[in-house]
Amino acid sequence: AQNSDETPERRTADSEGEDRAFEVAIDFERFGKTVLSGRISKTALFVTLESQKALPRDLRQELNAVFAGRGEACGLTGGLNFKSARSAAHIG
């Protein structure tokens, strides 16, 4: 079955390996409004997590480890970056 949003142009773009952008906004009780945004292609995934409150160092390290491990398992290169309220004033 074909997805309703799958057009010939979209299938062609995917097959040619073009980047796709995404953005997800979530409001966490502990960290406030958070935006997860990035770009993905067939070979790479780059993600930025912007939050109103800084994430604890151990959580950032754990997320980086999971991101790197899953990316490697899927054959993707890329990176995970973090921004907090000081550098992400537009959140809110």
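Scroll up to find the structure.
Notes on the structure in this doc start here. This one's a predicted model, so the numbers in the text were calculated from it and none came from an experiment.

Among the secondary structure elements, Ser37 is positioned in strand 2 (residues 32-40). In contact with Ser37, other than residues within four places in its own chain, are Phe22, Glu23, Phe46, Val47, Thr48 and Glu50.

Looking now at the pairing of strand 3 (residues 44-51). Counting buried positions over the eight residues of strand 3 gives seven, a clear majority of the element. By the bridge criterion, seven bridges tie strand 2 to strand 3 in an arrangement that is antiparallel. Within strand 3, the residue paired with Arg39 across the bridge is Phe46. Count of turn residues in the strand 2/strand 3 antiparallel hairpin: three residues. Bridge count for strand 3 against strand 4 (residues 77-83) is seven bridges, and the pairing is parallel. Directly across from Glu50, in strand 4, lies its bridge partner Lys83. With helix 2 (residues 57-73) bridging strand 3 and the parallel strand 4, this β-α-β connection has right-handed handedness.

Conventions and cut-offs
- Within every chain, residues take consecutive numbers counted from 1 along the sequence as written.
- Local features in a predicted model are, by the rule used here, given only for residues with pLDDT of at least 70; side-chain atom pairs are given and counted only at 80 or more, and totals for whole chains, interfaces and linings are based on all residues.
- Side-chain numbers come from the whole structure's heavy atoms, not from hydrogens or water.
- Helix and strand labels come from DSSP, where a helix needs a run of H or I of at least four residues and a strand needs a run of E of at least two; each type is numbered from the N terminus.
- Here a residue-residue contact requires only that any non-hydrogen atoms of the pair lie within 4.5 Å.
- Relative accessible area decides the class of each residue, using a 1.4 Å probe on protein chains only: under 20% of the type maximum gives buried, over 50% gives exposed, and in between gives partly exposed.
- Each pair of strands is called paired provided DSSP finds at least two bridges between the two strands.
- The path from the first strand over the helix to the second decides the hand: if it runs clockwise while the strands point away from the viewer, the crossover is right-handed.

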